[in-house]
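The residues making up each chain are set out below.
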Amino acid sequence: MAEPATDFIRQQIDRDLAKPDGSREVITRFPPEPNGYLHIGHAKSICLNFGIAEEYGGHAYLRFDDTNPLAESDEYVEAIERDVAWLGFDVSGRVTFASGYFEALYECALELIRKGKAFVCSLSQAEIRATRGTLTEPGTNSPYRDRTADENQDLFARMRASEFPDGTHVLRARIDMASPNLNMRDPVLYRIRHAAHHNVGEAWVIYPTYDFTHCICDALENITHSLCTLEFEDHRPLYDWVLDNLSLNARPQQIEFSRLGLEHTVMSKRLLQRLVDEGVVDGWDDPRLPTLAGLRRRGVTPGAIRDFCRRAGVTKQDNQLEVELLEFCVRSDLEDSTPRALGVVKPLKVRLTNHPGSEETLEAPWHQRRPEMGTRRLPFGPELYIDRDDFTFSPPPKWKRLSPGAHVRLRYAYIIRCDEVVTGADGEISELRCAYLPDSRSGSDTSGVKPAGVIHWVAAHAAEPVQLRLYDRLFRVRNPKGGSLIDDVNPASLVTASGFLEPAAATGGKTHFQFERVGYFHRDPVLHRTFNRIASLRDSWRPATAPKCA
RNA sequence: UGGGGUGUCGCCAAGCGGUAAGGCACCGGGUUUUGAUCCCGGCAUACGCAGGUUCGAAUCCUGCCACCCCAGCCA
């Protein structure tokens, strides 16, 4: 399964390592801003950075890019650390903060000032915007652009010393207001923010911007390959400019790859926030969300997510993966590892008319092909529940379930024959009266009867009532957009059913199951007696008369 | 309409001048006490389009087209 990944980034690293004078080590970093929850798109970056570090015998940092005190909090740093660890990557001893480098960053700013490469600009935010130019027109120089190094040094020190209110001055790089790359038009390096920072408190009132911070932190941590997403391509010249004008000894290189896109969901923080705020979902860990917290609660395993990211690949192409690929990864990870159980989603009562009435206990393996997983006791009795979908009055050709007069095997138990259908006043089928074949017990069947198929069931006297949360894609459209976000929500993204589960699975500590013939389920970590459907089983059954539509 | 990117099967994705890997999906068939799993087989004369170079081009050149990103004191 674990084919060695090879992609343009790893190929680049191979080339770098092959250079005679090049570095022998590979150091990477995953640099989230602690201003929200991680989602499966971040998982791609995490797998890439930590995966590469591991493969090349290097190491990776989890670095919090916390340069904007207004957006960040400890709640998020804790959630992010937990999510990365849950995904299966060891970050102990390698968790860092951009804010931990504030003093070094300040020294770097001073160096640029001394070299005449940065200046304190006293234009207002609106003035800076107005003089930046446009996509097609160059900007104009700030009137403060030619302040002397001494003047700049003095002003910058006073900015730090809290002498000025927010917005009055910024430190800018002195590059080129006519550059076709807007990021090079004297970008802001530091701004004044009288705000408490989650990590350093009130120690600072000036905060460095992303462009100034990121490259320097990379260099300070001796990052060799700084992997980020495509929207930063335009920032690479600035990343390089800052490092080229500083006397740091490390020289990391930035390489960009495309974000992971997934159909029928949204990944942007803004849109996810709306779903949470407007109550479309129940919180950041709603099992329908692509957040790692949501996927975890749904029951998706870290292994499945890692496999998904590996299969998705790493390129520079925009992409939108089908949810089918994720589901495939979920099923293939759970198939061998998960115990089986009998659970009924839409119960239909079955009375065994010839049953003596005594209760019986059968034994069934937790997993047919994995005897080492052991067995469980399976109560059997005169009244059972089966799924309503497993019975029909008028069976289509090749129907392998129950119908009037037909024989069907109850999984791990006996063969039954449907003799009578009891219909309630409302016309709904209320009960089936069946005969069971006492000599047909699973494993010691001497009845000679060939049943039409096998169905799942639960003995009524021992059935544990459970809530089954059947999750489906959150949006009915492939690529939901902000404009019609709420309208595009799939009204059936969550269907709750009151079903029954066999006692050995309902109690006990097992968390993940395959409910046979139904799907993979996860015991909800907070709601009592509730199981979340992680993924249904593949179903290639299609009545000949009614073709399944896509 | 400036700059930076990307275009190979429905969705991903190999390919790096020598004659289109693989996965998912889909379609057949086999095994099966889960219509699951598993196993076999099928699935791009064709690489955005048009020219050109070459014995030979998805790979090189030229032009065009489409899509994505950029005008935060966000990251």
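Residues numbered from 1 in each chain as written. Chains lettered and ligands numbered in written order. Predicted model: local features only at pLDDT ≥ 70, side-chain atom pairs only at ≥ 80, totals over all residues. Heavy atoms only, no water.

Enquirer: So what exactly am I meant to see when it comes to the protein's contact with RNA strand B here?
Expert: In the vicinity of RNA strand B there are 65 residues, among which Arg 193, Arg 311, Arg 340, Arg 411 and Ser 442 approach most closely. In RNA strand B, the atoms that sit within 4 Å of the protein are 68% sugar and phosphate, with bases accounting for the remainder. Between RNA strand B and Gln 320, the relevant distance is 2.9 Å, taken from a phosphate oxygen to a main-chain nitrogen or oxygen of the residue. Within the backbone of Arg 517, an N or O atom sits 2.9 Å from a base oxygen of RNA strand B. For the surface near RNA strand B, the secondary-structure elements that each account for two or more residues are helix H5 (125-130), strand S6 (188-192), helix H11 (302-312) and helix H12 (323-337). Classifying every residue of the surface near RNA strand B gives 19 nonpolar, 19 polar and 27 charged. (Near = heavy atom within 4 Å. Polar contact = N/O pair within 3.5 Å; in protein donor to acceptor, adjacent residues only side chain to side chain. Helix = DSSP H or I, 4+ residues; strand = E, 2+ residues; numbered from the N terminus. Nonpolar A, V, L, I, M, F, W, Y, C, P; charged D, E, K, R; others polar.)

Enquirer: What's the story with the packing of helix H4 (residues 102-114) against helix H7 (residues 210-220) in this structure? I'm lost.
Expert: Geometrically, a packed helix pair is captured by the angle between its two axes and the distance between the axes. Viewed as axis vectors pointing N to C, H4 and H7 meet at an angle of 110 degrees, and their least axial separation amounts to 11 Å. One finds that H4 runs roughly perpendicular with respect to H7. Both H4 and H7 take part in a crossing whose hand is right-handed. Packed against H4, whose contacting residues are Ala 104, Leu 105, Cys 108, Ala 109 and Leu 112, the element H7 presents Phe 212, Thr 213, Ile 216, Cys 217 and Leu 220 at the interface. Taken together, the residues that form the contact of H4 with H7 break down as nine nonpolar, one polar and no charged. (Axes fitted to C-alpha atoms, helices over the stretch in contact; angles between N-to-C directions. Parallel < 35°, antiparallel > 145°, perpendicular 65-115°, else oblique. Left-handed = near helix turned anticlockwise from the far one by under 90°. Contact = heavy atoms within 4.5 Å.)

Enquirer: Please clarify how the confidence of the model for chain A should be interpreted in this entry.
Expert: Low-pLDDT portions of the prediction should not be read for the details of their coordinates. Scored by pLDDT, chain A comes out at a mean of 96, with 98% of its residues at no less than 70. Confidence drops under a pLDDT of 50 for residues 546-550, and excluding neighbours within four residues, the segment shows three contacts in the predicted structure. Predicted complex, confidence summary: ipTM 0.97, pTM 0.96. (pLDDT = per-residue confidence, 0-100.)

Enquirer: I tried to follow the nonpolar core on my own but got confused; where do I start?
Expert: Nonpolar side chains tend toward joint burial in soluble globular proteins. One finds Phe 156, Leu 171, Tyr 190, Ile 206 and Phe 212 to be the most contacted residues of the largest nonpolar core, which totals 38 residues. Secondary-structure elements contributing two or more residues to this core are H4, strand S4 (118-121), helix H6 (149-160), strand S5 (170-173), S6, strand S7 (206-208), H7 and helix H8 (236-244). For this core, the element with the highest residue contribution is H4, accounting for eight residues. Once residues within four sequence positions are removed from consideration, Leu 171 is found in contact with Ala 109, Ile 113, Ala 118, Phe 119, Val 120, Phe 156, Met 159, Pro 187, Val 188, Leu 189 and Tyr 190. Among the nonpolar cores identified, the runner-up in size contains 37 residues, and Met 267, Ala 304, Ile 305 and Leu 321 belong to it. (Core = buried A, V, L, I, M, F, W, Y, C linked by side-chain atoms within 4.5 Å. Buried < 20%, exposed > 50% of the residue type's maximum accessible area, 1.4 Å probe, protein only.)

Enquirer: Just checking my understanding: could you explain the packing of aromatic side chains for this structure?
Expert: A ring pair, where both rings are aromatic, is described by two values, the distance of the centres and the angle of the planes. Taken as a whole and assessed by the stated rule, the structure comprises 23 aromatic pairs. When the centroid spacing of 4.9 Å and the interplanar angle of 45 degrees are considered together, the rings of Phe 380 and Tyr 414 count as tilted. Pair noted here: Phe 380 is in strand S14 (residues 375-380) and Tyr 414 is in the loop between strand S16 (407-410) and strand S17 (415-423), with a separation of 34 residues, a long-range link. Through pairs of rings, three or more aromatic residues link up here, namely Phe 102, Tyr 106, Phe 156, Tyr 190, Trp 204, Tyr 207 and Phe 212. If you follow Arg 160 out to its NZ or CZ, it ends over the ring of Tyr 106, 4.5 Å from the centre. (Phe/Tyr/Trp six-rings, centres within 6.5 Å; stacked < 30°, edge-to-face > 60°. Lys NZ or Arg CZ within 6 Å of the ring centre and 35° of its normal.)

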